[in-house]
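# Reading the structure
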Amino acid sequence: MGKRRSTLAWGIWVLMVAWPLSAVGAEPAIRTLRDPLELRALGEPRAVLQELHAALAEANQHNDRHRRALLLLARANACRVIADWDCQRIAGTEVQAIARGLDDPLLEVRGLINEALADVAQRQYSHAGQRLGQAELVLKRQPVDVLYADIQLGFSAMSAASGKHAMAARYAERGLAALGAGQVSPIRARLLRNLAQAQMGLDQWSAARTTLVQARRAVEAVKDPKLEAELALAWARLARTSGLVAQQREEGERVLAIATTLENAQLEAMGREVLGNAAADAGDSVAAAREYARAAALFRQLDLLREEQRLLRQLISVQARSGVPSALREDAFARFLAVDEAVEFADRAQALDEFEAQLKYAQQAKDVARLAHETEVAQHRATALAERNRLIVGLQILTAVVLMLMLGSYRQARQRNRRLREALDTVREREAQTSGLMRVTRGCVLLHDVAGRIILANPAAAEAFGADSVEAMRGQSLQALLPGGVAETVDAYLAKVRSEGTGEGVLGVPVAAGGNRYWQCASSYVEPADATPYIVTQAVEVTLHNLELEALREQGLRDALTGAYNRRELERFEQRHADGASWAVIAFDLDEFKQINDRQGHEFGDAVLKATVRFLADRVRADDVVVRMGGDEFVVLLPHSGAAALERIVERLREDARQAPCSYSMGSALRENGESLVATLARADAAMYIGKRALGMSQRSQTVLIRQP
Ligand SMILES: Nc1nc2c(ncn2[C@@H]2O[C@H](COP(=O)(O)OP(=O)(O)OP(=O)(O)O)[C@@H](O)[C@H]2O)c(=O)[nH]1
C-alpha cells in the first residue's frame, strides 16, 4: 500500500512540477503572445525575474497594458521554473484581468492556464478544474490549437493527480492529436511526457519507454532545462523498474546539474532522491541514506510534506539496513511520525477536496459543454434578435416618417379643403345673391364681350329682347338681336365704353306697332388680371317716362284756355327753322274784344277765344302753327312759306272773316334776309296795327261779329 501510494505521489509530483506552460514559438498566432523574456525564463528564471521589474515599470509608464500582460506571463513562467506557485498564480490572475479589459481571449486563456497550473501544483484541484474549464470556453471565441493542447495538458495533469491514469493518457493523446503529428514543440514534448507517466501508471512500461524516446527527441528542439530535468526523472523511474542503476545515477546527476543551474531546490531534491534510489538499489545504504536525508531536508524547506514523508520512509528503511546510530534513526523516525500525522490530516482534507473536485469537475465538464452550447445559441439568438431589432427599428422609423408625412399632408389637405369649402360657400352665396338680384331686378343686366356677344343675361333682359330664356341669349350678339339701324349705334357705344371705361345713354328701339321703346343704358368695361375683358351693361326702359316728358313739354308749350301754342313755341319754331329756311307770319288781334267781355261776360269771351283758335286752325296748313300771344292776340307761323303761300292763306282768312266768331284785324310779313322770328313778328304786328288804325273806330265796331262760338 505504502509503495503504491509513494509511486502515485511521485508521479503526481513529477506531473505537477513538470507541467509546463504552453509551447514557445509553436504557432504564429501564439508567437505574438509571448515576450522574449518568457523563453529566457526557462533557462535563467531568476535573472529574468530581476529584469522584469524594470520592464514592467516601463510598460506601466507607457500605460501599455498588452505588454504588461506579456511580461506577467514571462514572470509566471519564471516562477513556474523555480517552483514559486503563489507568484505564478498572482501573475496569471492579473493577466486575466488585463485580458478582459482588452477583450483579448488568447491572453485570458493563458492567464487562466497559469492560475490552474499553480492550483494543481498546490493540490487545489477543484479550483484548477474550474479555471481549465473556463479557459476551454474562452478559447472557443478564438480557437488556437497550441492553447487547446495546453489546456488538455492541464486536464491530463489533473487526472494523473487524481490517480486516473487512463483519463490522463486520453487527455494527453487528445492534446497531441490537436497539435498534429509533424509538429515539434515543447508542448508536444510535455504531452509525450505526461502520456509516458500515465502509461507507467498503467504498468505499460514498454509503451512508456517508446513515448519517452519520442519526448526526449522532441525536447532536443527547444532549450528547456526544466523539461529536460523532468524527462530525466521519468527516465530514472523507468530505469529503476528495469534495475538499471547506472542509468538512474546518470539521470539523477543530470537532474542535479540542471537544478543547480536553475537554482531550483525542488529539482535538487528530486535529483537527490534519484541518486538515493540508485545507491539503495546498488546496496550502498550509507550513500542512499545521505541522499535521502538531503532530499528530505530540501522538501522540508519547501514545505512539501508528502515528498518529505516519502523520503523519510526511505531514509528510515536504508538507515535500518546501514546500521547508523540509533539517535539519528530516532530523529528521522520522530520527524516521520510528525510528518505522517500532518499528511494524514492533509490527506483526509484532500480526500474530501478531491471528492468534491471530481464532482465539480464532472459537473463542470457538463457545464462547459452546456455553456458552450448555450453561448452559441445565445450568440445566434442575439445576432438574429439584433438583426430583427434593427429591421423593426428601421421599419418603425420608416412607418413613423410615413405616418408623419401622411398626417402632415392630411392636415394640409383638410385645411385646403376647408378653405376651398369656405371659398366655395362664399362664391355660392354670392352667386345666389347675384342671381337673386339679377332675377328680381326689373332692369336688364347683360354681361357681354367687347364685341357685344352675350355671356350672361338676366330674365328681364331675356324678356326685353323677346327671348325664350336667359340660356337662349347666351352666345348671341346684341347687334343681331336689335333691329336694323340700331346696330351701328350699338357698335359706336361699345367702342366708347372700351376706350373710356364707362358709357351711358338712351337707346331708342323702333317697335313694329310704331314709335320707339327707349332704354336708359349704363355700361362698365371690366378687365380682370387673368381673364378675358368683358362689359357689364344695365338697361332700364324709359319709354313711358319719355312720353310723359314729351307730354309735359308739349303742355308747357300750349295755352291752357284755347289749346293753341303759347309764346314758348316761338323759340322752338325758330330753332327748328333757323338755318336759312323761309317762314311767314300772320298776326291777329280781335276787334273790340273788351266789349264782348263787358257785354257778354268773361266766359263768353273765353268761348270766343277758343272758337277763334279753331277757326284759324281750320284755315291754315297742318304744318302751320297757331300761337296765342296773349289776351286777344294771335299769330299763325307758316314754315317754308313764300309770298304766294302767304297770300293764299291771308286771302282765305279775309274771305272767311264773316264766319269767324269775332271780327279781327290781321297783318302779315315774310322773313327777310334770314332775320329772327321776332323781327318778322314785329313787322307783321306793325302791318296789323296799320290796318287796324286805318279801319277806324266806327268801322271796327261794325266788323265785330258776335255769335255763339
Ligand atoms: N274773356 C276774356 N277776356 C280777355 C281775356 N284776355 C284779355 N281779355 C280782355 O280782352 C280785352 C282786350 O281789350 P283791348 O286790348 O282794349 O282790345 P279791344 O277791346 O279789342 O280794342 P281794340 O283792339 O282796339 O279793338 C280786355 O278787356 C281784356 O280784359 C281772356 O282770356 N278772356
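Residues numbered from 1 in each chain as written. Predicted model: local features only at pLDDT ≥ 70, side-chain atom pairs only at ≥ 80, totals over all residues. Heavy atoms only, no water.

### Here's the deal with the packing of helix α3 (residues 36-43) against helix α5 (residues 65-81)
Remark: α3 packs on α5, axes separated minimally by 8 Å, with the N-to-C direction vectors making an angle of 10 degrees. It follows from the interaxial angle that α3 and α5 lie roughly parallel. Where α3 abuts α5, its residues Leu 37, Glu 38, Ala 41 and Leu 42 lie against Leu 71, Leu 73, Ala 74, Asn 77, Ala 78, Arg 80 and Val 81. Of the residues contributing to the contact of α3 with α5, the split by class is 8 nonpolar, 1 polar and 2 charged. (Axes fitted to C-alpha atoms, helices over the stretch in contact; angles between N-to-C directions. Helix = DSSP H or I, 4+ residues; strand = E, 2+ residues; numbered from the N terminus. Parallel < 35°, antiparallel > 145°, perpendicular 65-115°, else oblique. Contact = heavy atoms within 4.5 Å. Nonpolar A, V, L, I, M, F, W, Y, C, P; charged D, E, K, R; others polar.)

### Digging into the side chain of Thr 543
Checked against the element boundaries, Thr 543 lands in helix α23 (residues 543-557). Residue Thr 543 is classed as buried on the basis of its relative accessible area of 12%. At 2.9 Å, the side chain of Thr 543 and the side chain of Glu 541 are in polar contact. (Buried < 20%, exposed > 50% of the residue type's maximum accessible area, 1.4 Å probe, protein only. Polar contact = N/O pair within 3.5 Å; in protein donor to acceptor, adjacent residues only side chain to side chain.)

### Observations regarding the UniProt feature "transmembrane region" (unreviewed entry) in the protein chain
Under the present numbering, the feature "transmembrane region" (unreviewed entry) in UniProt falls on residues 391-410. The distance from the first to the last C-alpha atom of residues 391-410 is 27 Å, and the span holds 100% helix and 0% strand. (UniProt positions renumbered as here; feature names shortened; annotations may be inferred.)

### Notes on the state of the cysteines
Note on terminology: a disulfide is the covalent bond linking the sulfur atoms of two cysteines. Under the defined criterion, the tally for this structure stands at 1 disulfide. One disulfide in the model links Cys 79 with Cys 87; its S-S distance is 1.8 Å. Residue classification places Cys 79 among the buried positions, given a relative accessible area of 1%. For Cys 87, a relative accessible area of 18% puts it in the buried group. Considering cysteine sulfurs only, Cys 521 is the nearest to Cys 444, which forms no disulfide, with 8.4 Å between them. Note on Cys 444: relative accessible area 4%, which makes it buried. Judged by relative accessible area, which is 11%, Cys 521 ranks as buried. (Disulfide = S-S within 2.5 Å.)

### So, the packing of helix α6 (residues 85-102) against helix α7 (residues 105-121)
Their axes nearest at 7 Å, the elements α6 and α7 cross at an angle of 160 degrees. When the interaxial angle is binned, α6 and α7 end up roughly antiparallel. The two elements α6 and α7 cross, and the hand of that crossing is left-handed. Between α6 and α7, the residues in contact are Trp 85, Gln 88, Arg 89, Gly 92, Thr 93, Val 95, Gln 96, Ala 99, Arg 100 and Leu 102 and Leu 107, Glu 108, Gly 111, Leu 112, Asn 114, Glu 115, Leu 117, Ala 118, Asp 119 and Ala 121, respectively. (Left-handed = near helix turned anticlockwise from the far one by under 90°.)

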